[in-house]
Amino acid sequence: AASPLQALEDHYSPSRWSPRLDRDTIIDAHLAVTAAGTERARASAQTLLHVPYGTGDGEKLDIYFPTDPSETFPVLVYIHGGYWQCLSKDDSGFAAPPLVSQGVAVVAVGYDIAPKGRCCPAEAAAACAARRPPTLPFVLCPGHMDTMVLQVRRSLAFLAERYPRSRGIYLCGHSAGAHLAAMVLSTDWTEFQAVPDIKGAVLVSGLYDLEPILHTYVNDALNMSREVAQRNSPMRLVTPAAPAACEVLVAVAQHDSPEFRRQSQEYSQALRAAGWSVSLLDLAAVDHFDIIERLSEDSYVLTQVGRRAVPRR
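If you're wondering where the values come from, they're calculated on a predicted model, not measured in any experiment. (Residues numbered from 1 in each chain as written. Predicted model: local features only at pLDDT ≥ 70, side-chain atom pairs only at ≥ 80, totals over all residues. Heavy atoms only, no water.)

Can you help me understand the pattern of salt bridges in this one?
A side chain with one charge may pair with a side chain of the opposite charge, provided their charged atoms come close. Applying the stated criterion across every chain yields a total of 17 salt bridges. Residues Arg42 and Asp90 are paired through a salt bridge, measuring 3.1 Å at the closest nitrogen-oxygen approach. With Arg42 in helix H2 (residues 23-44) and Asp90 in the loop between strand S3 (75-79) and helix H3 (96-100), this pair connects stretches of sequence that are 48 residues apart. It is possible to trace a salt-bridge network through shared partners that takes in Arg42, Asp62, Lys89 and Asp90. (Salt bridge = Lys/Arg side-chain N within 4 Å of Asp/Glu carboxyl O. Helix = DSSP H or I, 4+ residues; strand = E, 2+ residues; numbered from the N terminus.)

Here it is, written out as structure tokens:
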């Protein structure tokens, strides 16, 4: 029988649970599908690529504009997955075509993934410290979990400032991106230049409690301490819903691992208990990867739910 540690690793290895492809093939297939879909989206939409929202190398975003832009348009912000250590905004435009055709702008956010920032060498410490917001007691380095969360928050403040007349911002995150989107929901915006009008969040096959992964291979690159994992776990940061709290859709795949499914259920229950308007969508016949890849299809249920959630006019 597998050791408890091996069982934990398996439960946090999404590629082990798909009935479609073996674990080595499925990740390569996912990279190929998202890259090809993004290439198609860039070829067919009006875009503004590599827009800097900060000074860091990874602090850039891609904007896919609506085919028929009105004076104001809703903005769907997509935050990519990859276990905080692979993928990028350059593979993250695949979901744009069905949305831009309906008058929605799609923004793919880049952030500094690990392992680049696994530890902060002495010579870089001063540079990292110089970028530390005065309100944070810890030093921020590229690729550190605290930094990734802050970067995504900054990208939203940037969009709010750049498009003050948008019809609201809608978040969509997959896997690690769903974790980052959920962290956005707990943001104290008083520390930022602008407050984004977040109207909805679609969290797809995400992780909401980081503590279980501390003892798995996932943390080899992230190098998180227990304290870092705790302060970046949305499950621990659920606050009573404010009157203007956005609607949240938590989606999980039939062939996600039992731990991913458990975390999605428990996080949606915690939000509901705190008064948030939340739905849990358990999608049949998809796994951790095609649950998000199929957003490029008009007929896919999650595409249709997302479209209904975002008012175009």
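Text resumes after the structure shown.
I keep staring at the packing of helix H5 (residues 145-162) against helix H6 (residues 176-184) and nothing clicks. Help me out?
When two helices pack together, their arrangement is given by the angle between the helix axes and by the axis-to-axis distance. Remark: H5 packs on H6, axes separated minimally by 9 Å, with the N-to-C direction vectors making an angle of 65 degrees. The angle between H5 and H6 places the two elements in the roughly perpendicular class. Here the hand of the crossing between H5 and H6 comes out right-handed. Seen from H5, the contacting residues are Met145, Met148, Val149, Val152, Arg153 and Leu156; seen from H6, they are His179, Leu180, Met183 and Val184. In terms of residue class, the contact of H5 with H6 is built from eight nonpolar, one polar and one charged. (Axes fitted to C-alpha atoms, helices over the stretch in contact; angles between N-to-C directions. Parallel < 35°, antiparallel > 145°, perpendicular 65-115°, else oblique. Left-handed = near helix turned anticlockwise from the far one by under 90°. Contact = heavy atoms within 4.5 Å. Nonpolar A, V, L, I, M, F, W, Y, C, P; charged D, E, K, R; others polar.)

I tried to follow the layout of surface pockets on my own but got confused; where do I start?
Here the second largest pocket is characterised by a volume of approximately 350 Å³. Along the wall of the second largest pocket there are 19 residues; nearest its centre are Ile27, Gly82, Tyr83, Cys86 and Phe289. Looking at the lining of the second largest pocket element by element, the count peaks at four residues for H2. Looking at the lining of the second largest pocket residue by residue, the classes come out as nine nonpolar, nine polar and one charged. (1 Å grid on protein atoms, 1.4 Å probe; cavity = no way out; pocket = protein on both sides within 12 Å on 5 of 7 lines; lining within 4 Å. Points joined across faces, edges and corners; volume = space filled by probe spheres on them.)

Any chance you could explain the pairing of strand S8 (residues 278-287) here in plain terms?
Regular strands show a simple pattern: their side chains alternate between the two faces of the sheet. In terms of strand pairing, strand S7 (residues 247-255) meets S8 through seven bridges, oriented parallel. Bridge assignment links Ala251 to a residue of S8, and that residue is Leu281. Handedness of the S7-helix H9 (residues 258-273)-S8 crossover: right-handed. (Pairing = 2+ DSSP bridges. Right-handed = clockwise from strand over helix to strand, strands pointing away.)

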